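# Observations on the model geometry
Read off the chains here:
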Amino acid sequence: MAISLTHLNGKPATAKDLAPLAFAGYAHFTAMQVRDRAVRGLDLHLERLRRASEVLFGQHLPDSRVREYLRAAIDASGPDVSLTCFVTSRPGEFMATSPDLSLDVLIKLTDPAQPPTGPIALDIVHHQRHLSGIKHVGEVSKTLYLRQAQARGFDDAAFEDSEGRLSEATIWNMAFWDGEQVIWPKADILPGVTMQTVTRQLQNLGVPQQTREIRRADLSKDMAGVIMNSWTPAIPVSRLGDRQLANGDNFAQLLHKAYQTEPPAQP
């Protein structure tokens, strides 16, 4: 039986609750995979929600309340789910802020993710996300570029900024391996929770890492690449634009190993 539940502020949401939020674009969110009622990188998810709320709303909810809402949703759905936690406000979109501004937490639960195994090919498009450090809603360009890339024979799209730097993909972070170290692209990106989780566990494992600018000219058959998000810590990338990359299976296995060393935490 497919999972499909929505909670608002810790309780099942009604159609009346959800109607004002339909197509609303002034909100932020974090997405996670829950297994056995626990989440890897939970502290990073909570930190993301706090920081984004401060930027968009000038305030944030206590972690204790967010965790209470997460527990209620997981208890209602089951131990293994895909969970997306949105934070929005009243008054909402296209309204001036108010001294009585109130934050709402909408939690959507669906079946556990089944990510592609790869390898995948990414088109390269010129694009820079607005408010790149915040995981916000209403980014129509991500779906548009995905569909255009697929129409050109690719699986998805990666972004190249105005300075020619590769940054991230539509709903993914990217990472590269040059045979000696993990390379994270230096650009204005959203630091994904999976990316941050993998980074700290690679450090614990003693794996060398570097953050530097990556351009098309840097890509070669000696460099492996992967993409990652809340679904998975690594999917090998075979091609970026017209550049063929090295086999990324071993690199992906390394990142999966690092991710699995992160202890899960229950909300």
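Summary of the structure given here. (Residues numbered from 1 in each chain as written. Predicted model: local features only at pLDDT ≥ 70, side-chain atom pairs only at ≥ 80, totals over all residues. Heavy atoms only, no water.)

### What about the environment of Asp 80?
Test applied: Strands here are runs of E lasting at least two residues and helices are runs of H or I lasting at least four, both read from the DSSP assignment and numbered beginning at the N terminus. Per-residue accessibility, obtained with a 1.4 Å probe over protein chains only, is compared with the maximum for each type, and a residue is labelled buried under 20%, exposed over 50%, and partly exposed between these values. By definition, residues are in contact when any of their heavy atoms lie within 4.5 Å. Under the rule applied, a polar contact is a pair of N or O atoms within 3.5 Å (in protein, one hydrogen donor and one hydrogen acceptor; residues adjacent in sequence only if both atoms are side-chain atoms).
Following the sequence through the fold, Asp 80 ends up in the loop between α3 (63-77) and β4 (81-90). The exposure class assigned to Asp 80 is partly exposed, which follows from its relative accessible area of 36%. Setting aside its immediate chain neighbours within four residues, Asp 80 contacts Ile 3, Val 34, Arg 35, Asp 36 and Pro 112. From its side chain, Asp 80 meets the backbone nitrogen of Asp 36 in a polar contact 2.7 Å long.

### A look at the layout of surface pockets
Where we set the bar: Every definition here rests on a 1 Å grid over the protein atoms only: cavities are sets of points where a 1.4 Å probe fits but cannot get out, pockets are open sets enclosed by protein on both sides within 12 Å along at least five of seven lines, and lining residues have some atom within 4 Å of a point. Grid points are joined across faces, edges and corners, and a volume is the space filled by probe spheres set on the points. Under the grouping applied here, Gly and all other residues not named as nonpolar or charged are polar, the nonpolar ones being Ala, Val, Leu, Ile, Met, Phe, Trp, Tyr, Cys and Pro and the charged ones Asp, Glu, Lys and Arg.
One number sums up the size of the largest pocket: a volume of about 890 Å³. Residue lining of the largest pocket: 38 residues in total, with Phe 29, Ala 31, Lys 135, Lys 142 and Ile 171 positioned closest to the centre. Mapped by element, the contributors of at least two residues to the lining of the largest pocket are β3 (28-34), α2 (42-57), β4, β5 (102-110), α4 (140-151), β8 (166-169), α5 (193-205) and β12 (224-229). Of the residues in the lining of the largest pocket, the class split is 16 nonpolar, 14 polar and 8 charged. Its volume calculated, the second largest pocket comes out at about 580 Å³.

### Considering the environment of Leu 49
With respect to the secondary-structure elements, Leu 49 resides in helix α2. Using a relative accessible area of 6% as the deciding quantity, one classes Leu 49 as buried. In this structure Leu 49 touches His 28, Phe 29, Thr 30, Val 66, Cys 85 and Val 87, once residues within four positions along its chain are discounted.

### Considerations on the nonpolar core
Rule in force here: The set of buried Ala, Val, Leu, Ile, Met, Phe, Trp, Tyr and Cys residues whose side-chain atoms join them within 4.5 Å is what this entry labels a nonpolar core.
Val 34, Leu 70, Leu 83, Cys 85, Val 105, Ile 107 and Leu 109 are the most contacted members of the largest nonpolar core, which totals 26 residues. Among the secondary structure elements, those contributing two or more residues to this core are β3, α2, α3, β4 and β5. Examining the composition of this core, we find that 6 residues originate from one element, α2, more than from any other. Excluding residues that lie within four positions of it along the chain, Val 34 makes contacts with Val 39, Ile 74, Pro 79, Asp 80, Val 81 and Leu 83.

### Examining α2
Spelled out, the test is: The length a helix should cover is 1.5 Å for every residue beyond the first.
Taking 1.5 Å per residue as the helical rise, α2 with its 16 residues ought to reach 22 Å, and the 22 Å between its terminal C-alpha atoms agrees with that figure. Among all positions of α2, only Leu 42, Leu 44, His 45, Leu 46, Arg 48, Leu 49, Ala 52, Ser 53, Leu 56 and Phe 57 are buried.

### A short note on the pattern of salt bridges
Note the following rule: Whenever Lys or Arg places a side-chain nitrogen within 4 Å of a carboxyl oxygen from Asp or Glu, that contact is recorded as a salt bridge.
Under the criterion given, the structure shown has 16 salt bridges. Measuring nitrogen to oxygen at the nearest pair gives 3.4 Å for the salt bridge that ties Arg 129 to Glu 168. In this pair, Arg 129 is assigned in the loop between β6 (120-126) and α4 and Glu 168 in strand β8, connecting sequence segments 39 residues apart. Overall, the relative accessible area of 6% leaves Arg 129 in the buried class. For Glu 168, a relative accessible area of 4% corresponds to the buried category. In this structure, Arg 165 engages Asp 161 in a salt bridge whose closest nitrogen and oxygen atoms are separated by 2.8 Å. Here Arg 165 matches Asp 161 in class, with each residue buried. Through salt bridges with shared partners, a single ionic network connects Asp 161, Glu 163, Arg 165, Glu 213 and Arg 215.

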